[in-house]
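Residue-level listing of the chains:
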Amino acid sequence: RHSLPLDQRGRVTVATLKGVNPDISKVVEEAVKRGWEAQLTKRRHVKLTRQGHRPVFCSTTPSCPRASQNAMKDIRTAERDALAGKNPLNNSLTA
């Protein structure tokens, strides 16, 4: 894995996300603005991580038209769970 390169201002850029679906690029850019770190996995998926939050994965070439909406939902859910004090390493959604 390697972190996606950022521009001089620490932002993910279009050049950084070359070959990535444009809708997913927007999700990654929004996640980075919210404090998430974006990494590209060996299999060309984006792994979004943030301290105290469960990781969020999304494909860079999704076949589903709702993939970007689902990725943003997963980010919001991870943020809400972290605020509620749910253990990010516990896969159970029960408190």
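Just so it is clear, the structure is predicted and the values come from calculations on it, not from any experiment.

### Some points on unusual backbone geometry
Now for step 1: If you check the backbone angles, R44 has positive phi at about 65° while not being a glycine.
Now for step 2: You can see R44 is positioned in the loop between β2 (37-40) and β3 (45-49).
Now for step 3: By relative accessible area, R44 is classed as partly exposed at 38%.

### Let's talk about the pairing of β2
Now for step 1: The pairing of β2 with β3 spans 4 bridges and is antiparallel. Bridge pairing in β3 places Q39 opposite K47.

### Section: the pairing of β3
Consecutive residues of a regular strand have side chains that alternate between opposite faces of the sheet.
Now for step 1: A loop of 4 residues connects β2 with β3, the two strands running antiparallel in sequence, and R44 in this loop sits at a positive phi of about 65°.
Now for step 2: In terms of strand pairing, β3 meets strand β4 (residues 56-59) through 4 bridges, oriented antiparallel. In the sheet register, L48 faces β4, and the bridge partner there is V56.
Now for step 3: Turn length for the β3-β4 hairpin, with the two strands adjacent in sequence and antiparallel, is 6 residues, and the turn residue G52 shows positive phi of about 80°.

Here is what the cut-offs are and how they apply
- Residues numbered from 1 in each chain as written.
- Predicted model: local features only at pLDDT ≥ 70, side-chain atom pairs only at ≥ 80, totals over all residues.
- Heavy atoms only, no water.
- Helix = DSSP H or I, 4+ residues; strand = E, 2+ residues; numbered from the N terminus.
- Buried < 20%, exposed > 50% of the residue type's maximum accessible area, 1.4 Å probe, protein only.
- Pairing = 2+ DSSP bridges.

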